[in-house]
Amino acid sequence: MTNNKAALTDRKRSLIFLNIVVSCIASSMLATALTTALPSIIADFSITVTMGQWLTSGYSLAMGIIMPLTAFLITRFPTKRLYLCGLALTIAGLVLCVAAPNFPFLMAARILQASGNGILSAMAQVIILSIYPPEKRGTAMGWYGLSIGAAPVIAPTLAGILVDSFGWRSIFYLAIAIMGVSLVCALAVFENVLDTVKKRFDTVSFVLSAFAFGGITLGVGSIGSAPFVSGSVLGVLAVGVVAGIVFVIRQLKASEPFLELRILKNKSYAVSVAGSMLLYLVVMGSTILMPLYVQTILGRSATLSGLVVLPGSLASVIVSPFAGKIYDRIGIKPLFVCGGAAMLLSNFSLFFIRMSTGVWVSAVCNVVRNISIACLMMPLVTFGTDAIGAANTAHGTALLTSLRTIAGAIGTAVFVGIMNFVAQNSAAVHGAQALMHGFNVAFLWMGLASTLLLLLGMFGISGKGRKPAARACRVPEAFPAAAPGNPDAPQK
């Protein structure tokens, strides 16, 4: 095992953090920009909305499949080399997106890009949670959350202008430029800051995880376009569920599991995972539906679509650092309850808007939604990883990110499917406003999911949900430390 954390200075820690921020700005900017450009891509390739949304849900699916692998990669390979590899894969995917002649090629490029971003996303959180002491992690993750929210402040508006002026491919050029800067900076400032251990790669477990995550997401995503009792829905779901069961059994029996699942025995971590999944389930669905509402339902421009989500992104940027400080001071529960209530209010409000409602109403609802995201996203990650201890940070981050990414992919497919299904079956009653009715019903179901999120925050956490720093890094006896030879692991 190699250990490099002792040589890390405050200056080097800050430079690494800034480099992570640059990469996060590019990836988060691209995600937001693509949702703004989605209607143009659908029209350019003459595909359906259900197929087009797979540019987002398929991307999330690929990230969900790569995430379990990151626990092995992070603990096996030097930090700098792995981070540079993630950047290179992302840039390669972006370049191919620019050159895509058809939808299948673009989809393949997005999967390559997702592989790189999956590595970067998992590494970013593990690095931050590892190089900062427990009492400063909430604040550090709050600023990290700001970097994720900073790009969406201008990305939707900028993407709308680019799409209207130069076409949807132009948004990838900007992302390539930012990622290129990040690559140059990483070469200069990054160091091997995480411990590494030589261990065997479990190919069977990786294949099982791919079939499990992929089967469940693909099966759910096909519900809107095929009968439930069919090979593409029920058959694929069955494959995913069976593979998932076998994967879980294999991990629980392994002395060195591919992905440590026993950390779910820790109640605080389990609550953070469940909360993150519910959050992503709702957020990713609404992220796709909002641009479709402005551009497809109302028939307005991509620029206006970007302007509608601009205030919400700004609110997220403002709130995120404060949310991190609040977590460090008083714990997760106040943030959890307030965030869940804000999400519930936002979704139920959008159930009542109509074609004649001003777009400013949806913009206000989006502000409330983004405040909820800022209160929940990074604090939940910090709360969960604090509970399981430093030795399990890589596994905990990989598992949480995998499950919430899959939840996001399912949310995108399900809520877009609900909108289209309701619209198709209510055309005789609602006529030209059938799609608007489908939009309303989709947000009604998001409101029900948000209710579960709020109840989890109210009753799933005892006290204020804050562990003393002295206990935060202890690994519960219910499961072993992540890797043999780790100085944090109990010695036999």
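In every chain, residue numbers begin from 1 and rise along the written sequence. It should be noted that, the model being predicted, local features are given only for residues of pLDDT at least 70 and side-chain atom pairs only at 80 or more, the latter also being counted only at that level, while totals for whole chains, interfaces and linings use all residues. As a rule here, side-chain values cover all heavy atoms of the structure and leave hydrogens and water aside.

(A) Seen up close, the pattern of salt bridges. When a carboxyl oxygen of Asp or Glu is within 4 Å of a side-chain nitrogen of Lys or Arg, the pair counts as a salt bridge. For the structure on display, the rule yields three salt bridges. Linking E191 and K12 is a salt bridge whose minimum nitrogen-to-oxygen distance equals 3.5 Å. Here K12 lies in helix α1 (residues 10-45) and E191 lies in the loop between α7 (170-189) and α8 (203-221), a separation of 179 residues in the sequence. Residue K12 is classed as buried on the basis of its relative accessible area, which comes to 18%. Linking E260 and R262 is a salt bridge whose minimum nitrogen-to-oxygen distance equals 2.9 Å. In this scheme, a residue with accessible area under 20% of its type's maximum is buried, one over 50% is exposed, and one in between is partly exposed, where area comes from a 1.4 Å probe on protein chains only. Residue R262 is classed as buried on the basis of its relative accessible area, which comes to 15%. Segments assigned H or I by DSSP are reported as helices when at least four residues long, segments assigned E as strands when at least two residues long, and all are numbered from the N terminus.

(B) Fine view of the nonpolar core. Counting 141 residues, the largest nonpolar core has I20, I127, Y144, F172, L289, F336 and F439 as the members making the most contacts within it. With 17 residues, helix α10 (residues 267-297) is the single largest residue contributor to this core. Contacts of I20, omitting those with residues within four sequence positions, involve Y83, A124, I127, I128, Y144 and F190. Nonpolar cores were defined as sets of buried Ala, Val, Leu, Ile, Met, Phe, Trp, Tyr and Cys residues, with membership established by side-chain atoms within 4.5 Å. Contacts are residue-level and defined by heavy atoms, with any inter-residue pair within 4.5 Å sufficient.

(C) Geometry of the environment of L89. As for its position among the elements, L89 is in helix α4 (residues 79-99). The residues contacting L89, other than those within four sequence positions of it, are L112, Q113, G116 and I119.

(D) Main features of the packing of aromatic side chains. The criterion for an aromatic pair is that two Phe, Tyr or Trp rings (for Trp, the six-membered ring) have centres within 6.5 Å, with stacked assigned to planes under 30 degrees apart, edge-to-face to planes over 60 apart and tilted to the rest. Per the counting criterion, the structure on display carries eleven aromatic pairs. Residues F201 and F206 carry aromatic rings whose centres are separated by 6.0 Å and whose planes lie at 50° to one another, so their mutual orientation is tilted. For the pair F201 and F258, a centre-to-centre distance of 5.9 Å together with 70° between the ring planes defines the contact as edge-to-face. You can see F201 sitting in the loop between α7 and α8 and its partner F258 sitting in the loop between α9 (231-253) and α10, a full 57 residues away along the chain.

(E) Looking closely at the packing of helix α11 (residues 302-330) against helix α13 (residues 359-388). Convention adopted: a line fitted to C-alpha atoms gives each axis, helices being fitted over their contacting stretch, and angles between N-to-C directions are expressed from 0 to 180 degrees. Where α11 contacts α13, the axes come no closer than 8 Å and their chain directions differ by 30°. When the axes of α11 and α13 are compared, the pair comes out roughly parallel. For the crossing formed where α11 meets α13, the hand is right-handed. The classification used treats Ala, Val, Leu, Ile, Met, Phe, Trp, Tyr, Cys and Pro as nonpolar, Asp, Glu, Lys and Arg as charged, and all other residues, Gly among them, as polar. Among the residues making up the contact of α11 with α13, the classes are represented as 15 nonpolar, eight polar and one charged. When an angle is under 35 degrees it counts as roughly parallel; over 145 it counts as roughly antiparallel; between 65 and 115 it counts as roughly perpendicular; any other value is oblique. Take the far helix as the reference: if the near one is turned anticlockwise from it by less than a right angle, the crossing is left-handed, and if turned clockwise, right-handed.

(F) Quick look at the side chain of S286. Examined against the element boundaries, S286 turns out to sit in helix α10. Among the residues examined, S286 registers a relative accessible area of 2% and is labelled buried. The residues contacting S286, other than those within four sequence positions of it, are R369, F443 and M446.

(G) Inspection of unusual backbone geometry at higher detail. Here the phi dihedral of S46 falls at roughly 55°; this positive angle occurs in a residue that is not glycine. Here S46 shows up in the loop between α1 and α2 (49-52).

(H) The confidence of the model for the protein chain, seen in detail. How sure the predictor is of each residue is captured by pLDDT, a score from 0 to 100. Summarising the model, the protein chain shows a mean pLDDT of 82, and 88% of its residues fall at 70 or more. pLDDT under 50 marks residues 468-492. Its contacts with residues more than four places away, or in other chains, come to 49 contacts.

(I) Summary view of the side chain of S450. Mapped onto the secondary structure, S450 falls in helix α16 (residues 434-459). Residue S450 is classed as buried on the basis of its relative accessible area, which comes to 0%. Ignoring any residue separated from it by four or fewer positions in sequence, one finds S450 in contact with V282, G340, M343, L344 and N347.

(J) Here's a closer look at the packing of helix α5 (residues 103-131) against helix α14 (residues 393-425). The geometry of α5 relative to α14 is characterised by a closest axis approach of 9 Å and an angle of 140° between their N-to-C directions. The pairing of α5 with α14 is recorded here as oblique in orientation. The crossing of α5 and α14 is right-handed. Contact residues: α5 offers S121, A122, Q125, V126, L129 and S130, while α14 offers T393, A394, T397, T401 and R404. Residue classes in the contact of α5 with α14 are distributed as four nonpolar, six polar and one charged.

(K) The arrangement of α14 in detail. Spanning 33 residues, α14 covers 47 Å between terminal C-alpha atoms, matching the ideal 48 Å at 1.5 Å per step. The element α14 is extensively covered by neighbouring structure, given that 29 of its 33 residues are classed as buried. Multiplying 1.5 Å by the helix residue count minus one yields the expected span of that helix.

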